[in-house]
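# Understanding the architecture of this molecule
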Amino acid sequence: MRHLPGFVAANIHAGDDGTRVANYAQWATVDAFRAMLDTPAAQAHMRQAAALADQFDPHLYAVESVHHS
């Protein structure tokens, strides 16, 4: 993913109970995200990621606020 146009960052968050994982990926634009979805290599990666989970439920969000220390 990191070599695709518009990719910003990705972070994996593991739940404390060991049952959930969230993949928080950032893209420069919605169009860059949607173009990634149409890329065969990205589709293969997403299928592999989905196969690791009991539930795979991706959503698109807009950043509304950022806070730094």
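Details of the structure are given in the entry above.
Figured I'd write up the structure that's included with this text. (Residues numbered from 1 in each chain as written. Predicted model: local features only at pLDDT ≥ 70, side-chain atom pairs only at ≥ 80, totals over all residues. Heavy atoms only, no water.)

### Digging into the environment of Ala22
- Structurally, the position occupied by Ala22 is in strand S2 (residues 21–27).
- Residues Ala22 and Ile12, 10 residues apart in the sequence, show an inter-C-alpha distance of 5.7 Å. (Helix = DSSP H or I, 4+ residues; strand = E, 2+ residues; numbered from the N terminus.)

### Topic: the packing of aromatic side chains
- A complete count under the given rule lists 1 aromatic pair for this structure.
- On the numbers, 5.3 Å between centres and 80° between planes, the contact of Phe7 with Trp27 is edge-to-face. Separated by 20 residues along the polypeptide, Phe7 in strand S1 (residues 7–14) and Trp27 in strand S2 bring together distant segments of the chain.
- With a relative accessible area of 22%, Phe7 lands in the partly exposed category. (Phe/Tyr/Trp six-rings, centres within 6.5 Å; stacked < 30°, edge-to-face > 60°. Buried < 20%, exposed > 50% of the residue type's maximum accessible area, 1.4 Å probe, protein only.)

### Regarding the pattern of salt bridges
- What the rule picks out here adds up to 1 salt bridge.
- With a shortest N-O distance of 3.6 Å, Asp17 and Arg20 are connected by a salt bridge. When sorted by exposure, Asp17 lands in the same class as Arg20, which is exposed. (Salt bridge = Lys/Arg side-chain N within 4 Å of Asp/Glu carboxyl O.)

### Structural notes on the layout of surface pockets
- When its volume is computed, the largest pocket comes out at roughly 1,500 Å³.
- Lining the largest pocket we find 36 residues, and of these Ala22, Asn23, Tyr24, Phe56 and Pro58 sit closest to its centre.
- Of all the secondary-structure elements, those providing two or more residues to the lining of the largest pocket are S1, S2, helix H1 (30–37) and helix H2 (40–51).
- Residue contributions to the lining of the largest pocket peak at 7 residues, all from S2.
- For the lining of the largest pocket, the residue count by class is 23 nonpolar, 9 polar and 4 charged. (1 Å grid on protein atoms, 1.4 Å probe; cavity = no way out; pocket = protein on both sides within 12 Å on 5 of 7 lines; lining within 4 Å. Points joined across faces, edges and corners; volume = space filled by probe spheres on them. Nonpolar A, V, L, I, M, F, W, Y, C, P; charged D, E, K, R; others polar.)

### With respect to the nonpolar core
- Of all hydrophobic cores here, the largest spans 5 residues; its members are Trp27, Ala32, Phe33, Met36 and Ala42.
- Not counting residues within four places of it along the chain, the set of residues in contact with Met36 comprises Met1, Leu4, Trp27 and Ala42. (Core = buried A, V, L, I, M, F, W, Y, C linked by side-chain atoms within 4.5 Å. Contact = heavy atoms within 4.5 Å.)

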